[in-house]
Amino acid sequence: MSFPQENKIKKITNPSAKFFIQQFLRDREINYQFFKRVPEEKMDFRMVDTPQRKSDSPRESLVHQIDTTRDYINGIKTGILKFGIVYNDLTQTFKLTKEQLLKKWDEAIDELITRLSDSKIGEKKVSVPWSKEPVLAVDMLWGLDSHEILHQGWNLALMDHLNIERFAELKAMWG
């Protein structure tokens, strides 16, 4: 795994939180490896670019994954999961390089690990859009993991368009 958070994960004492972050980082690693392989000059490529519809570019997709991760972190902090929060540092993403965005992505993961390291994380509940009753924060985070897997599928299509070879981490996860 290319994420340098392994020592930080040791601080997570809740077994459910530890299990979640280990799986999430395996899933995120697939997407991380994809973005590392996208040439900077292809970060704004769109598979669909018509007057009626424009698909996300790799840059926009990466930004979306950063802000979605932050949305879930804010859900843990505030007790309410809200999507669509505007993060000032992500409003002019065309000015940010791929490496700058990957750094923000790593920072979001570090904050998520910090939140999961809270000894009370197993008791924390969050109001979510898909349930009338608040759910445990760790259970809520599985939605973030599902979102990560959704992006793996999207990135597979982008890989074909950008002629990026299937890499070892992807093959190990999905065959």
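Model, not experiment: these values are computed from the prediction.

*Asks:* So what's going on with the packing of aromatic side chains? Which residues, and what values?
*Replies:* Here the structure, examined in full by the defined rule, presents 7 aromatic pairs. Taking the centre distance of 6.1 Å and the plane angle of 25° together, the rings of Y32 and W105 count as stacked. In this pair, Y32 sits in helix α2 (residues 15-37) while W105 sits in helix α4 (residues 98-116), placing the two residues 73 residues apart along the sequence. A relative accessible area of 11% means that Y32 is categorised as buried. The exposure class assigned to W105 is buried, which follows from its relative accessible area of 0%. A cation sits over an aromatic face here: R70 above Y87, 5.2 Å from the ring centre.

*Asks:* Give a description of the packing of α2 against helix α5 (residues 137-162) that names residues and reports values.
*Replies:* Direction vectors running N to C along α2 and α5 enclose 20°, while the axes themselves pass 9 Å from each other. The pairing of α2 with α5 is recorded here as roughly parallel in orientation. As for the relative orientation of α2 and α5, their crossing is left-handed in sense. Facing S16, A17, F19, F20, Q23, F24, D27, R28, I30, N31, F34 and F35 of α2, the residues of α5 in contact are V138, L141, W142, L144, D145, E148, I149, H151, Q152, N155, L158 and M159. Partitioning the contact of α2 with α5 into residue classes produces 14 nonpolar, 6 polar and 4 charged.

*Asks:* With reference to specific residues and values, describe the pattern of salt bridges.
*Replies:* Oppositely charged side chains can pair when the atoms bearing their charge come close. Under the counting rule described, the total for this entry stands at 13 salt bridges. Between D89 and R70 there is a salt bridge whose closest N-O contact spans 2.7 Å. Of this pair, D89 sits in the loop between α3 (58-78) and α4 while R70 sits in helix α3; the two residues are 19 residues apart in sequence, bridging distant segments of the chain. Overall, R70 belongs to the buried group, its relative accessible area being 15%. One network of salt bridges, in which partners are shared, links E40, D44 and R59.

Calculation notes
- Sequence order as written defines residue numbering, which begins from 1 separately in each chain.
- The predicted origin of the model limits local features to residues at a pLDDT of at least 70 and limits the giving and counting of side-chain atom pairs to 80 or more, whereas totals for whole chains, interfaces and linings rest on all residues.
- The basis for the side-chain values is all heavy atoms of the structure; hydrogens and waters are excluded.
- Aromatic rings from Phe, Tyr and Trp, taking only the six-membered ring of Trp, are treated as a pair when their centres fall within 6.5 Å; an angle between ring planes under 30 degrees marks them as stacked, one over 60 as edge-to-face, and anything in between as tilted.
- Here a helix means four or more residues in a row that DSSP labels H or I, a strand means two or more in a row labelled E, and each is numbered from the N terminus.
- Buried means the residue's accessible area, taken with a 1.4 Å probe over protein chains only, is under 20% of the maximum for its type, while exposed means over 50%, and partly exposed covers the values in between.
- The rule is short: NZ of Lys or CZ of Arg within 6 Å of the ring centre and within 35 degrees of the ring normal puts a charge over the ring.
- What counts as an axis is a line fitted to C-alpha atoms, over the stretch in contact for a helix, and the angles between N-to-C directions run from 0 to 180 degrees.
- Note on angle classes: values under 35 degrees are labelled roughly parallel, values over 145 roughly antiparallel, values of 65 to 115 roughly perpendicular, and the remainder oblique.
- Left-handed describes a crossing whose near helix is turned anticlockwise from the far helix through less than a right angle; right-handed describes the clockwise counterpart.
- By definition, residues are in contact when any of their heavy atoms lie within 4.5 Å.
- Under this grouping Gly is polar, as are all residues other than the nonpolar Ala, Val, Leu, Ile, Met, Phe, Trp, Tyr, Cys and Pro and the charged Asp, Glu, Lys and Arg.
- Whenever a carboxyl oxygen of Asp or Glu lies within 4 Å of a side-chain nitrogen of Lys or Arg, that contact is scored as a salt bridge.

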